[in-house]
Structure formats: structure tokens, C-alpha cells
Amino acid sequence: SAKEQGRNCYCFFTQGLQQKADSQAKLHQDLKVALKEDQLELYYQPILNLETNQLDKAECLIRWNHPERGIISPGLFIPIAEKTGIIKELGCWIRDQACSQVKQLINNGLNIRLSVNVSRLEFWSGELVSSFLDNMEKYSVIADFLTVEITESLFLKNQKEMTLALSNLRTLGVKISIDDFGTGYSSLSYLGNFPLDELKIDRSFINGIEGEERKQSLVEAIITLSHKLGMKVVAEGIETKGQFELLKSKGCDYAQGFYYAKPMPAKAFTEFATQHWIEANSKYAKPQKD
Ligand code: C2E
Ligand code: MG
Ligand code: MG
Ligand code: MG
């Protein structure tokens, strides 16, 4: 009967929700273990400077080597970590790794700025600046080598709090980048109100751009706007040669995406960057190792 069907639907619905809650609780528990047992790993995705053809930048992207489930993507566990608050511990670990990696790269003769994603809870925690400072001191890394990536949605908070939070980061000396630009459903006014260093065009604008003139116009306008406001522009999600050439011809400053390189573990990244350095600079010279 319809009534039974209705009841079945209801059962199915609650079961679904319950299962989701259970699996999130399980992931949260597993994440605590992961932090203790070294299951987390920071990957590095090269970002190419289109003007100089140097690899002088990379984004840190976390990976979880789960003992039973294999590699779990951050898109799945970062939101849970954010919900449960464990993102704060995760963030500390990430900043430690990132600073340590900057140091190691410098020791390999590679001057590469690393971008670190910072999520909402971390940003408003009040501990972000001191946590960066601690790790910068620990590894003798200066702020010039660090960029913080935040998303537009943070600017929905009131302007006074945002001004304070951003000026604290500025005092620290790290660069500030707007991630996933164009997807945050926030007004553009924040671009006029806050000094920012970099804007990353979300990959939804890059996807299919070759055949879509309207997307090309949008991207062109974003690049012009950014430059007028003194910001560098990174295009995310460049997967094809065509996209790469197009963004380069439009004066985009940096390219990130599978076309150039995928995110990779530290060792592979150092090798990739060394190889790039050799090819970009000279056939014979090698970066100085200490
Ligand atoms: P995001 O910061 O926008 O990072 C870029 C994402 O795009 C990464 O996904 C990267 O692997 C992916 N990507 C790069 N190039 C391409 C491409 O050419 N095509 C496609 N389809 N994708 C590309 P990933 O590593 O799965 O990370 C997803 C999101 O999880 C990140 O988006 C970021 O919001 C969050 N996340 C990752 N690592 C961290 C972290 O260490 N801390 C925090 N708070 N969030 C992180
Ligand atoms: Mg990012
Ligand atoms: Mg992004
Ligand atoms: Mg994203």
C-alpha cells in the first residue's frame, strides 16, 4: 500500500542518514589514528610561472593513506575534519610539513614558494599566525616562501573581524591567495576592501574554455581586474595544451593543472623541480646542493 511504501521510504531515508553519520563518525575516529600513526602525507603540485617559465611555486595538498581504504581524497575527509574540529590538529601537522619541505627544497638549491590551504575553522582559530611562526622558527624558514590559500566565503564574515585576521597574517609576511575564485557566491566588494596578493581562477572557468567565448571573456576580465588590483593570477585545473596556450596568451601569470603536473609526494616533487630547473636554466648547470 501507499502507506507501507511511505513507511519504507521513511525507513530508507533515516537509514541513509544514519549510515552517513556512522561512516562520518568512523572516519573521524580513523583520522585521529591517522594523525598518530603517520598515515597522512603532503603532496605537492607544481605551479608554473608563465612569464619566466620557472617552477617557483607549488601547492601543498594533503593525502590520507588509509590502511583499509587506500588513498582517501581531502574532498572527503577535510569537511569531516572541519565539522569535528580535528582540522586544527591536522592544520598544525600540515604547516609543520610545509615549512620542513620549504627548508629541504632550499637545501636542494630550489627556491620554491609553497601554498598552504587554510580552512574556515583554522582561519578563525586565532592560532594560525602563532602556529606558522612556530614552524617557521623551527625550520628557519622566512615568510617569503609561504602563501596562504583561503576561499571567498570567509569574506562573508563581518569586515572588522576579517580586517584584523588578514592584517595579522600580513604582519607575519606570508602572501594571501584567494582559492577557487568565482565559486564563492560572495560579492566582489571584498576585492576592493582588502589587499590580497593572488587570485586563483577556479577550474570550472577553465574547463571547456577553448570552445566557449563567454568563458574566455570572463577569464580575460578576471585577469585584467586582478592585475589592476595588484594581484597575480593562477589558473587552476589546466588539463590540455589548448587551455595552457590560451591562458598564457591572455597574460595569466601562473598555470596549475594536470597538463603540467599532478600533485606528487615530496621526493618525486624534488626530482621534478630539479629536472625542470636544469631544463629551464641550462643543459649543464645543476642547482647547488649543500
Ligand atoms: P583546492 O585547494 O582548490 O586544490 C586544487 C584541487 O584540484 C586538488 O584536489 C588538485 O589535486 C586538483 N587539481 C589540480 N589540477 C587539476 C586538474 O588539472 N584537473 C582536475 N580535475 N583537478 C585538478 P585535491 O588534492 O583532491 O584537494 C581538494 C580540496 O581539498 C582542495 O581544493 C582544498 O580545498 C582541500 N585541501 C586539500 N589539501 C588541503 C590541506 O592541506 N588543508 C586544507 N584545509 N584543505 C585541503
Ligand atoms: Mg587550494
Ligand atoms: Mg582551488
Ligand atoms: Mg577546490
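The rules behind these values
Residues numbered from 1 in each chain as written. Chains lettered and ligands numbered in written order. Predicted model: local features only at pLDDT ≥ 70, side-chain atom pairs only at ≥ 80, totals over all residues. Heavy atoms only, no water. Axes fitted to C-alpha atoms, helices over the stretch in contact; angles between N-to-C directions. Helix = DSSP H or I, 4+ residues; strand = E, 2+ residues; numbered from the N terminus. Left-handed = near helix turned anticlockwise from the far one by under 90°. Contact = heavy atoms within 4.5 Å. Nonpolar A, V, L, I, M, F, W, Y, C, P; charged D, E, K, R; others polar. Donors = N, O, S within 2.8 Å, 3.2 Å for Na, K, Ca; no water. Phe/Tyr/Trp six-rings, centres within 6.5 Å; stacked < 30°, edge-to-face > 60°. Lys NZ or Arg CZ within 6 Å of the ring centre and 35° of its normal. Near = heavy atom within 4 Å. Polar contact = N/O pair within 3.5 Å; in protein donor to acceptor, adjacent residues only side chain to side chain. Areas by Shrake-Rupley, 256 points an atom, 1.4 Å probe, with all protein chains shown as cover. Salt bridge = Lys/Arg side-chain N within 4 Å of Asp/Glu carboxyl O. Buried < 20%, exposed > 50% of the residue type's maximum accessible area, 1.4 Å probe, protein only. 1 Å grid on protein atoms, 1.4 Å probe; cavity = no way out; pocket = protein on both sides within 12 Å on 5 of 7 lines; lining within 4 Å. Points joined across faces, edges and corners; volume = space filled by probe spheres on them.

Draft legend 1. Spotlight on the packing of helix α3 (residues 87-107) against helix α5 (residues 128-138). Interaxial distance between α3 and α5 falls to 9 Å at its minimum, and their mutual angle equals 35 degrees. The interaxial crossing formed by α3 with α5 has right-handed handedness. Side by side, α3 and α5 meet where Cys92, Arg95, Asp96 and Cys99 of the first sit next to Leu128, Ser131, Phe132, Asn135, Met136 and Lys138 of the second. Class assignment for the residues of the contact of α3 with α5 results in five nonpolar, two polar and three charged.

Draft legend 2. Highlighting the coordination of the magnesium ion (ligand 3). At 2.0 to 2.7 Å from the magnesium ion (ligand 3) lie its protein donor atoms, namely Asp179 (OD), Asp180 (OD), Glu236 (OE) and Glu236 (OE). The distance between the magnesium ion (ligand 3) and the magnesium ion (ligand 2) is 3.9 Å, with Asp179 acting as a donor to both metals.

Draft legend 3. How the structure looks around the packing of aromatic side chains. For the structure on display, the rule yields seven aromatic pairs. Pairing Phe244 with Tyr259 gives two aromatic rings, centres 5.2 Å apart and planes at 45 degrees, and the pair type is tilted. Of this pair, Phe244 sits in helix α10 (residues 241-249) while Tyr259 sits in the loop between β9 (254-255) and α11 (266-281); the two residues are 15 residues apart in sequence, bridging distant segments of the chain. An aromatic cluster is present here, built from Phe155, Tyr190 and Phe194 joined pairwise through their rings. Between Arg63 and the ring centre of Tyr43, over which it is positioned, the NZ or CZ distance is 5.4 Å. The ring of Trp124 has Lys157 lying over it, and the distance from NZ or CZ to the ring centre is 4.7 Å.

Draft legend 4. Local environment of the site of ligand 1. Around ligand 1 lies a shell of 22 residues, among which Arg63, Asn117, Asp179, Glu239 and Phe258 are the nearest. Residue Ile62 places a main-chain N or O atom 3.1 Å away from a nitrogen atom belonging to ligand 1. Take Asp179: an N or O atom from its side chain is 2.8 Å from an oxygen atom of ligand 1. In the complex, the protein chains occlude 82% of the 800 Å² of accessible area that ligand 1 would expose alone.

Draft legend 5. Broad picture of the pattern of salt bridges. For the structure shown, the criterion picks out 12 salt bridges. The closest approach of N and O atoms between Arg95 and Glu122, which form a salt bridge, is 2.9 Å. Here Arg95, found in helix α3, pairs with Glu122, found in helix α4 (residues 120-123); they are 27 residues apart in sequence, far enough to count as distant. Residue class for Glu122 comes out buried when judged on its relative accessible area of 4%.

Draft legend 6. Representation of the layout of surface pockets within the structure. Its volume calculated, the largest pocket comes out at about 980 Å³. Glu59, Leu61, Asn117, Asp179 and Asp180 are the residues nearest the centre of the largest pocket, which is lined by 34 residues in total. Within the residue set of the lining of the largest pocket, elements represented by two or more residues are β1 (40-49), β2 (57-66), α2 (74-84), α3, α4, β5 (146-151) and β6 (175-181). The element best represented in the lining of the largest pocket is α2, accounting for five residues. Considered class by class, the residues forming the lining of the largest pocket number 14 nonpolar, nine polar and 11 charged.

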